[in-house]
Amino acid sequence: MALPMSAWVSLIGTVPCTTGRLSRVRAADFQTAGVKFKHILTPQSRQLGPKPATSPVRGHINAALRADKFSTTTTLWKSGHGSASFLPQGGRGWLGKFALGATLGVTAAALVQSLHTGTFTAMALKVNLNSADGDWKEAKDFLLSLSVKDRRQYYRTSNSVPLDDIPVWTPTADASKSGAYERNEKLDQKISLYSGDITKLEIDAIVNAANKTLLGGGGVDGAIHRAAGPLLKKECASLHGCETGEAKITCGYGLPAKYVIHTVGPIAQGGVGENEKKALRSCYKNSLKTATDNGARSVAFPCISTGIYGYPPEQAVHEALATVREYLDAHHDKLDRVIFCVFLPTDKELYLQNLPVYFPAA
Ligand code: AR6
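Residues numbered from 1 in each chain as written. Predicted model: local features only at pLDDT ≥ 70, side-chain atom pairs only at ≥ 80, totals over all residues. Heavy atoms only, no water.

Q: Sorry if this is basic, but what is going on with the packing of aromatic side chains here?
A: Each aromatic ring pair is specified by the distance between its two centres and by the angle formed by the two planes. Within this structure, the stated rule accounts for four aromatic pairs. Relative to Tyr358, the ring of Tyr181 lies with its centre 5.3 Å away and its plane at 45 degrees, an arrangement referred to as tilted. With Tyr181 in the loop between strand S1 (161-162) and strand S2 (191-195) and Tyr358 in helix H13 (residues 345-358), this pair connects stretches of sequence that are 177 residues apart. Judged by its relative accessible area of 18%, Tyr181 falls in the buried class. (Phe/Tyr/Trp six-rings, centres within 6.5 Å; stacked < 30°, edge-to-face > 60°. Helix = DSSP H or I, 4+ residues; strand = E, 2+ residues; numbered from the N terminus. Buried < 20%, exposed > 50% of the residue type's maximum accessible area, 1.4 Å probe, protein only.)

Q: How should the nonpolar core be read in this particular structure?
A: Grouped burial of nonpolar side chains is what soluble globular proteins tend to show. Ile191, Phe301, Val324, Phe340, Tyr351, Leu355 and Phe359 are the most contacted members of the largest nonpolar core, which totals 40 residues. Here this core takes eight residues from helix H12 (residues 313-331), the largest share from any one element. If we skip the residues at most four places from it in the chain, Val324 touches Ile191, Tyr284, Leu288, Phe301, Val338, Phe340 and Phe359. In terms of nonpolar packing, the next biggest core, distinct from the first, is built from 35 residues, Leu232, Tyr253, Ala257 and Cys341 among them. (Core = buried A, V, L, I, M, F, W, Y, C linked by side-chain atoms within 4.5 Å. Contact = heavy atoms within 4.5 Å.)

Q: Got a minute to help me understand the site of the ligand in this structure?
A: Lining the immediate environment of the ligand, one finds 22 residues, of which Asn211, Gly218, Val220, Asp221 and Gly307 sit closest. A distance of 2.7 Å separates an oxygen atom of the ligand from a polar atom in the backbone of Val220. In the environment of the ligand, an oxygen atom lies 3.2 Å from a nitrogen or oxygen atom belonging to the side chain of Thr306. Compared with its free state, where it exposes 700 Å², the ligand has 92% of that area covered by protein. Taken together, the elements giving at least two residues each to the shell around the ligand come down to strand S4 (205-210) and helix H9 (219-228). Per-element tally for the shell around the ligand: the top contributor is H9, with four residues. Looking at the shell around the ligand, its residues break down into eleven nonpolar, eight polar and three charged. (Near = heavy atom within 4 Å. Polar contact = N/O pair within 3.5 Å; in protein donor to acceptor, adjacent residues only side chain to side chain. Areas by Shrake-Rupley, 256 points an atom, 1.4 Å probe, with all protein chains shown as cover. Nonpolar A, V, L, I, M, F, W, Y, C, P; charged D, E, K, R; others polar.)

Q: Got a minute to help me understand the side chain of Thr250 in this structure?
A: Within the secondary structure layout, Thr250 lies in strand S5 (residues 247-251). Relative accessible area serves as the criterion here: at 0%, Thr250 is assigned to the buried category. A polar side-chain atom of Thr250 sits 2.9 Å from a polar atom in the side chain of His262. When residues no more than four places from it in sequence are discounted, the contact partners of Thr250 are Leu232, Glu235, Cys236, Leu239, Lys258, Tyr259, Val260 and His262.

Q: Which parts of the structure should I look at to understand the confidence of the model for the protein?
A: Reading predicted coordinates in detail is not appropriate for stretches of low pLDDT. Residues with a pLDDT of 70 or more make up 64% of the protein, whose mean pLDDT is 75. For the stretch residues 1-106, pLDDT sits under 50, and the model shows 161 contacts to residues farther than four places along the chain or on other chains. (pLDDT = per-residue confidence, 0-100.)

Q: Looking at this model, I keep getting lost on the environment of Gly241. Mind explaining?
A: One can find Gly241 in the loop between helix H10 (230-237) and S5. Sequence separation of Gly241 and His262 is 21 residues, and the distance between their C-alpha atoms is 9.8 Å. With residues up to four places along the chain from it excluded, the contact list for Gly241 reads Lys212, Thr213, Leu214 and Lys248.

Spelled out as structure tokens, the structure:
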């Protein structure tokens, strides 16, 4: 588009209009919640012209964002008309807008498109995932409104791993592993064993083995907070902690995962009794419930409590597998994939040995 966005804004602001979809746009909405404006593109307006695959405006702004130039309080679209007169109600409908567009040498679709892109970039300017000064609510609303493809440019980590690249676990026929569980073919495509860093997974939700403060720590908790950026800690601070065995959800911010589900495992350094077992099972169950309650269909677990909290991994693996199996038996329609993300080769071996017990081939 030849004219800069601010010029279009100024031009449109001078045209009164009462009918038509554009007249529903108010300046206050525009400034406070850009996500609402994705609705500007209605099925009808889409027919007028396709959205360009890439936006030079957005590319430019993202480059600036990467360079950390913009603060969270930057407001792009303050035109000379002031916010209240940005797009006034009253005046012409589609015909008038189209005539205006024609006069300017562009189509109405181009005007709609420029508003859509402008809204997006206005919000993008407010989102700085590298600064603790930002408004986490604004960033969260914005990020959760994006498709996976659009969210990729905000990742703070490289080499993300999409769900499609994580193979499903293939049940093996091992008679020596037969246990209490029968084969449930609906589940065969829903389980994965992934060996590597959980912060790289581009899925709906990763689970964090957190502590009761939810304010970060070492181990996988530290890795998740580092990769997500400082806004994660700000949202966590608003949750007022979490009890052992419970789970709370936040945005993933700079992570490839859309959400982080924080759960607090039992401290088992003094040994494992019924309380610790129950608490560990609650971690898995409540994390899965939190995921499904929030529409997250792919979830990855680290080996909760088996690091700093000292739960013996060879015992924890049974609580993890049994709880996931039982949850999937009851709610398989709500989840597409549950990934056991192991970090240590010894944990990988434990899961390889025990997966056939809980997800048998026959
Ligand atoms: N990706 C996947 N798994 C990982 C990663 C990673 N990037 N890093 C470590 N693990 P731990 P806990 C594995 O100690 O025992 C924190 O300070 C690791 O190999 O992270 O529940 C919290 O704030 C192990 O298998 O969690 C709490 O204070 C598993 O993650 C406390 O530690 C869990 O180890 C929680 O201790």
